[in-house]
Amino acid sequence: MIWKVKADLAILNLRGKETMSDYLGIEFIAWEEDSLIARMPISDRTKQPLGIMHGGASCVLAETVGSTAANLCVDLATHYCVGLDINTNHIRSVSKGFVKGTARPFHIGKSTQVWSIEIHNEEEKLISVTRLTMAVLEKK
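Everything quoted here is computed from the prediction, not taken from an experiment.

A. Inspection of the overall build of the protein at higher detail. When its secondary structure is counted, the protein shows three helices and six strands. Relative to its 140 residues, the protein shows a buried fraction of 40%. Entry remark: accessible area of the protein is about 7,800 Å², with carbon and sulfur atoms responsible for 52%.

In structure tokens form, the structure reads like this:
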């Protein structure tokens with residue numbers, strides 16, 4: 001098991017209130033042995049002028065689920081994780097329904113973590129892939 005903190009989906013969702021993830025409607029929906037999953041509605045808030053999901057919304061979903069997962073893998077009494085680098089490749093567009101982002105680790109180290117986040121539509125078609133690098137920092 002990779003987790004140092006037990007994920008409570010209700011607490012994770014409350015933690016995002018009054019933040020960008022709340023504004024975009026991001027909701028954590030599952031926690032598994034090696035992954036954390038969140039979903040986001042495709043709405044006017046997440047679309048670009050062509051009527052498809054904005055690439056930046058994909059990045060927000062990816063960083064939200066990836067950074068939350070990263071912080072569940074450290075002792076929060078002594079450490080925390082922040083984003084260091086994000087790279088997203090957009091595979092196909094989506095214009096309605098929900099998308100689901102699944103974060104899984106490539107590497108969980110003492111000073112960095114690297115996460116893979118795949119975003120799929122409701123038909124389980126791949127929408128985007130993201131590599132998120134997190135810095136692990138010590139609380140002072």
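B. The arrangement of the nonpolar core in detail. Counting 32 residues, the largest nonpolar core has Leu36, Met40, Met53, Val99, Trp115 and Ile117 as its most contacted members. Secondary-structure elements contributing two or more residues to this core are strand E2 (36-41), helix H3 (55-71), strand E4 (98-108), strand E5 (112-120) and strand E6 (126-138). At seven residues, H3 tops the list of elements feeding residues into this core.

C. The arrangement of the side chain of serine 116 in detail. Structurally, the position occupied by serine 116 is in strand E5. Look at serine 116 and you get buried, because its relative accessible area is 16%. Beyond its immediate chain neighbours, meaning those up to four positions away, serine 116 contacts Thr102, Ala103, Arg104, Phe106 and Thr130.

D. Structural detail: H3. The terminal C-alpha atoms of H3, which comprises 17 residues, lie 24 Å apart, in line with the 24 Å expected from a rise of 1.5 Å per residue. By the criterion of burial, H3 is predominantly enclosed, with 13 of the 17 residues buried.

E. Local environment of the pairing of E6. The pairing of strand E3 (residues 79-90) with E6 spans 11 bridges and is classified as antiparallel. Looking across to E6, one finds that asparagine 87 is bridged to arginine 131. Strand direction decides the pairing type here: E5 and E6, joined by nine bridges, are antiparallel. Looking at E6, one finds that tryptophan 115 is bridged to leucine 132. Counting the residues in the hairpin turn of E5 and E6 gives five residues, including glutamate 124, whose phi is positive at 65°.

F. Fine view of the pattern of salt bridges. Using the criterion set out here, one finds five salt bridges in the structure. Residues glutamate 27 and arginine 39 are paired through a salt bridge, measuring 3.1 Å at the closest nitrogen-oxygen approach. Of this pair, glutamate 27 sits in strand E1 (residues 27-31) while arginine 39 sits in strand E2; the two residues are 12 residues apart in sequence, bridging distant segments of the chain. Exposure remark for glutamate 27: the relative accessible area of 33% places this residue in the partly exposed category.

Reading the values: rules and limits
- Residues numbered from 1 in each chain as written.
- Predicted model: local features only at pLDDT ≥ 70, side-chain atom pairs only at ≥ 80, totals over all residues.
- Heavy atoms only, no water.
- Helix = DSSP H or I, 4+ residues; strand = E, 2+ residues; numbered from the N terminus.
- Buried < 20%, exposed > 50% of the residue type's maximum accessible area, 1.4 Å probe, protein only.
- Areas by Shrake-Rupley, 256 points an atom, 1.4 Å probe, with all protein chains shown as cover.
- Core = buried A, V, L, I, M, F, W, Y, C linked by side-chain atoms within 4.5 Å.
- Contact = heavy atoms within 4.5 Å.
- Expected span 1.5 Å × (residues − 1).
- Pairing = 2+ DSSP bridges.
- Salt bridge = Lys/Arg side-chain N within 4 Å of Asp/Glu carboxyl O.

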